[in-house]
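# Topology and contacts: notes
So you can see what is in the structure, the chains are spelled out below.
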Amino acid sequence: MHLSFLKIGTRLGLAFGLLVLMMLGITAVGVLRLAEVGVINERIIDDSWVKSEAASVIDVTTRANARLTMELTIATAPERLKTIKADIAANKKTIDDAFALLQQKVTLPEGKATLARLSELRGQYVQSFGRVAQLVDANDHEAATALLQAQTLPALDALQQPINALLALQKKLV
């Protein structure tokens, strides 16, 4: 039986039914695609963005501590020294929190290796900074400046490498 043998009303009804089915199919595909976009957005916002932000916080706060460490060697007023040390302690806490968040959220082997390297180099930098602070406390600014130049700043430069690698990894993942 050919469509030409059907009445016009039947043909129009079938065409309209087919049109409705096609629209339902398009709607279903659209809803499914929007759901996928929602999942992707959730992953970006709740995971990737959080890790990128934590890596950025570590980067910025480490640089701030470097500036404060240099200021520590040239400041002479006891009140200013106390403020600098308090700011450095607050920054260290901020970095610790961001680092702990990254340790929880980073799952790729490359990211875990970068975090391990970051932890090792951060320990060296913090240790060197601690010696600088002890020399400043002992009022030996000359030795503190020499140690800062010879050990602390190179340790900071080394620390920036895994931070930059972590930022690049997170950027690639996002």
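This one's a predicted model, so the numbers in the text were calculated from it and none came from an experiment.

Rules behind the numbers
Residues numbered from 1 in each chain as written. Predicted model: local features only at pLDDT ≥ 70, side-chain atom pairs only at ≥ 80, totals over all residues. Heavy atoms only, no water. Helix = DSSP H or I, 4+ residues; strand = E, 2+ residues; numbered from the N terminus. Expected span 1.5 Å × (residues − 1). Buried < 20%, exposed > 50% of the residue type's maximum accessible area, 1.4 Å probe, protein only. Contact = heavy atoms within 4.5 Å. Salt bridge = Lys/Arg side-chain N within 4 Å of Asp/Glu carboxyl O. pLDDT = per-residue confidence, 0-100. Patch = residues over 30% accessible without salt bridge, like charges linked within 9 Å, V, L, I, M, F, W, Y side chains within 5 Å. Areas by Shrake-Rupley, 256 points an atom, 1.4 Å probe, with all protein chains shown as cover.

Moving on, we get to helix H2 (residues 78-105). Note that an α-helix has 3.6 residues per turn; residues three or four places apart therefore point the same way. Given a rise of 1.5 Å per residue, 28 residues ought to cover 40 Å, and the 41 Å separating the end C-alpha atoms of H2 matches this to within 8%. Of the residues making up H2, those classed as buried are Leu81, Ile84, Ile88, Asn91, Ile95, Ala98, Phe99 and Leu102. Residues of H2 that are buried make contact with helix H1 (8-74), helix H3 (109-137) and helix H4 (141-173).

Turning our eyes to something else, we now look at the pattern of salt bridges. According to the stated counting rule, one finds eight salt bridges in the structure shown. Residue Arg80 is joined to Glu71 by a salt bridge in which the shortest nitrogen-to-oxygen separation is 2.8 Å. The partly exposed category is assigned to Arg80, whose relative accessible area is 30%. Since its relative accessible area comes to 17%, Glu71 is described here as buried. Taking the shortest distance from any N to any O, the salt bridge between Lys93 and Asp97 comes out at 3.0 Å. Of this pair, Lys93 and Asp97 are both found in helix H2, four residues apart, which corresponds to roughly one turn of the helix. The exposure class assigned to Asp97 is partly exposed, which follows from its relative accessible area of 43%. One network of salt bridges, with partners in common, ties together Arg67, Glu71 and Arg80.

Time to look at the confidence of the model for the protein chain. Looking at the protein chain as a whole, the pLDDT averages 89, with 99% of positions reaching at least 70. Within the protein chain, no element has a lower average pLDDT than H4, which sits at 88, and none a higher one than H2, at 92.

Taken together, the side chains of Phe16, Leu18, Leu19, Val20, Leu21, Met22, Met23 and Leu24 make up a nonpolar region of the molecular surface, amounting to roughly 820 Å² of accessible area. With respect to the helices, strands and loops of the structure, Leu24 is situated in helix H1.

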